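Listed here are the chains, written in short residue letters.
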Amino acid sequence: MNAESAGLPHRSRGVIALVEDNCTSCMLCARECPDWCIYIDSHPETEPPAAPGGRPRTVHVLDRFAIDYALCMYCGICIEACPFDALHWSPEFSYAEPGIAELIQERDRLGAWVATVPPAEADGNLDRRGAAR
Amino acid sequence: MSAADVLTVVGATASVTEEFGCLTVDVPAADWLAAASALRDDQRATYTYFDWLSAYDDLDAGVAVVVRLWSPSKRRGVLLRTRVPHDDGVLPTLTGLWPGANWHERETLEMFGVRFEGHPNPIPLLLPDGFDAHPLRKDFMLASRVAKPWPGAKEPGESDRDLEPSAAPRRRRARPPGVPDPGSWGPAS
């Protein structure tokens, strides 16, 4: 059963989806989380200059992004705190596990939820990743 | 029911405010039972339904105890509030007016340490035997917050190994709000 077959409103708070490309590893969500259930590891890398004669840039590359749904209380503060729209609500709820440790979802599973995020209603001209249609 | 009407029911020692469309009546602790009784029985008030009772830690102002009452006939609610000291705060029980206040007062007793005089069964409701603290008070330390490392301690571009003692030291680390400095609380202090 999924959110649609269960007849849930599409803005239900089911699970949190991670758009990895938008994440800058800024740590804001991990610090705002009242439950301490977001784990982020990253490392700095130097990118070559975008244009000839430019300066090389330091970027943070994500190594780990995980949410422990055994702790998460679905407050949505991480989604509000994210300045880069890397986190989104999805109405999907069906991810029970036989063991509590398996409720820690790593970035591959969090990323897979992105396909279930409903489009933003206020911006009908944007797709669910925030890009123009 | 207007604020002035409520005052005529509960007496001049009360003060009434309206916040977010809800009437809040503050009374001295000595008038707690009389005010609740008047709100229930007065024909102008008719707040006969006991919704819930709880408390919150109001720091220097003591512990604020709140009960929400509802008038089924007039379809409106009211909050009745009083403040008692942190140490040995005592209120008369409301179980004589509403038997359903029993569990609410037991929970308020264990979570905030407010005693309800005349309560028929003042034993803990949710906490295990021998739990010797009031966990919803603001000075109650969450042991898990000391035992578990804060995931937000890392700076952008860091991973867990940067937090190990062998890693190169860096400037002062961000600390989670409401958590004591390392070593200042718990068995390590």
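Numbers given for residues are sequential positions, taken from 1 along each chain in its written order. Lettering for chains starts from A, numbering for ligands starts from 1, and both go in the order in which the items are written. Reporting of local features is limited, given that this is a predicted model, to residues whose pLDDT is at least 70; pairs of side-chain atoms are given and counted only at 80 or more, and all residues count toward the totals for whole chains, interfaces and linings.

Caption draft 1: Highlighting the overall build of chain A. Secondary structure elements follow DSSP: runs of H or I no shorter than four residues count as helices, runs of E no shorter than two count as strands, and numbering proceeds from the N terminus. Assigned secondary structure in chain A consists of 3 helices and 5 strands. Principal-axis analysis of the C-alpha atoms gives chain A an extent of 55 × 40 × 20 Å.

Caption draft 2: Up close: the interface of chain A and chain B. C-beta atoms are placed from the backbone for every residue, and two residues are taken to be in contact when these atoms lie within 7 Å. Contact with chain A, which involves 15 residues of that partner, is made by 12 residues of chain B. Of all the elements in the fold, those that place two or more residues in the side of chain A that touches chain B are α1 (28-32), β2 (38-47) and β3 (57-68) of chain A. Ranked by residue count, the leading element in the side of chain A that touches chain B is β2 of chain A, at 7 residues. Split by residue class, the side of chain A that touches chain B holds 8 nonpolar, 4 polar and 3 charged. In this classification, Asp, Glu, Lys and Arg are treated as charged, Ala, Val, Leu, Ile, Met, Phe, Trp, Tyr, Cys and Pro as nonpolar, and every other residue, Gly included, as polar.

Caption draft 3: Local environment of the confidence of the model for chain B. For every residue, the predictor reports its confidence as pLDDT, a number between 0 and 100. Per-residue pLDDT for chain B has a mean of 90; in total, 96% of the residues score no lower than 70. This prediction of the complex comes with two scores: 0.70 for pTM and 0.79 for ipTM.

Caption draft 4: Spotlight on unusual backbone geometry. The phi dihedral of W36 of chain A is positive, around 60°, even though this residue is not glycine. In this fold, W36 of chain A is placed in the loop between α1 and β2. One non-glycine residue, F20 of chain B, adopts positive backbone phi at about 55°. Tracing the backbone shows F20 of chain B in the loop between β1 (15-19) and β2 (22-26).

Caption draft 5: Structural context of the sheet that holds strand β5 (residues 104-105) of chain A. Residues and elements named next belong to chain A. By this definition, two strands are paired if DSSP reports at least two bridges between them. Spatial ordering of the open sheet is given by β2-β3-β5, a layout of 3 strands whose pairing is antiparallel. The open sheet terminates on both sides in strands that have one partner only, identified here as β2 and β5. Two strands pair when backbone bridges link them, and β3 and β5 are joined in this way by 2 bridges, in the antiparallel orientation. Considered in β5, the bridge of I67 is made with Q105.

Caption draft 6: Inspection of the nonpolar core at higher detail. By convention the nonpolar core is taken to be a set of buried residues drawn from Ala, Val, Leu, Ile, Met, Phe, Trp, Tyr and Cys and joined through C-beta atoms within 7 Å. Residue burial here comes from a neighbour count, namely the number of other C-beta atoms, placed from the backbone, that lie within 10 Å of the residue's own C-beta, with 20 or more meaning buried, 12 or fewer meaning exposed, and in between meaning partly exposed. Counting residues in each nonpolar core, the largest one holds 30 residues, and the members touching the most others are V10, V25, A35, L39, L80 and V114 of chain B. Every element with two or more residues in this core is listed here: α1 (3-10), α2 (32-41), β3 (49-57), β4 (63-71), β5 (76-84), α3 (101-112) and β7 (114-117) of chain B. The biggest single contributor to this core is α2 of chain B, with 5 residues. Setting aside anything within four residues of it in sequence, one finds V10 of chain B in contact with V25, V27, A35, A38 and L39 of chain B. One finds C29, I38, C82 and A86 of chain A within the second-largest nonpolar core, a separate group that totals 23 residues.

Caption draft 7: Structural context of the environment of R57 of chain A. If you trace the backbone, R57 of chain A turns up in strand β3. Separated by 22 residues in the primary sequence, R57 of chain A and I79 of chain A place their C-alpha atoms 27 Å from one another.

Caption draft 8: Structural view of α3 of chain B. All names here are of chain B. One fewer than the residue count of a helix, multiplied by 1.5 Å, yields its expected span. With 12 residues, α3 ought to run about 16 Å at 1.5 Å a step, and its terminal C-alpha atoms sit 16 Å apart, in line with that. Counting buried positions along α3 gives 9 out of 12 residues, so the element sits mostly inside the fold. All of the buried residues along α3 are A101, H104, E105, R106, T108, L109, E110, M111 and F112. Contacts from the buried residues of α3 go to β3, β4 and β7. One or two positions beyond α3, positive phi appears at G113, with a value near 75°.

Caption draft 9: Quick peek at the pairing of strand β6 (residues 89-92) of chain B. Residues and elements named next belong to chain B. Burial of the side chains of β6 is restricted to one face: G89 and L91 are buried, whereas none of V90 and P92 on the reverse face is. By the bridge criterion, 4 bridges tie β6 to β7 in an arrangement that is parallel. Opposite G89, over in β7, you have V114 as the bridge partner. Seen with its strands pointing away from the viewer, a crossover is right-handed if its path from the first strand over the helix to the second goes clockwise. For the crossover from β6 across α3 to β7, the handedness is right-handed.

Caption draft 10: The environment of I67 of chain A, seen in detail. All names here are of chain A. Within the element layout of this structure, I67 appears in strand β3. Residue I67 is classed as buried on the basis of its C-beta count, with 26 C-beta atoms lying within 10 Å. Residues I67 and T116, 49 residues apart in the sequence, show an inter-C-alpha distance of 17 Å. Apart from residues lying up to four places away in sequence, I67 is in contact with I16, C37, I38, C72, Q105 and L110.

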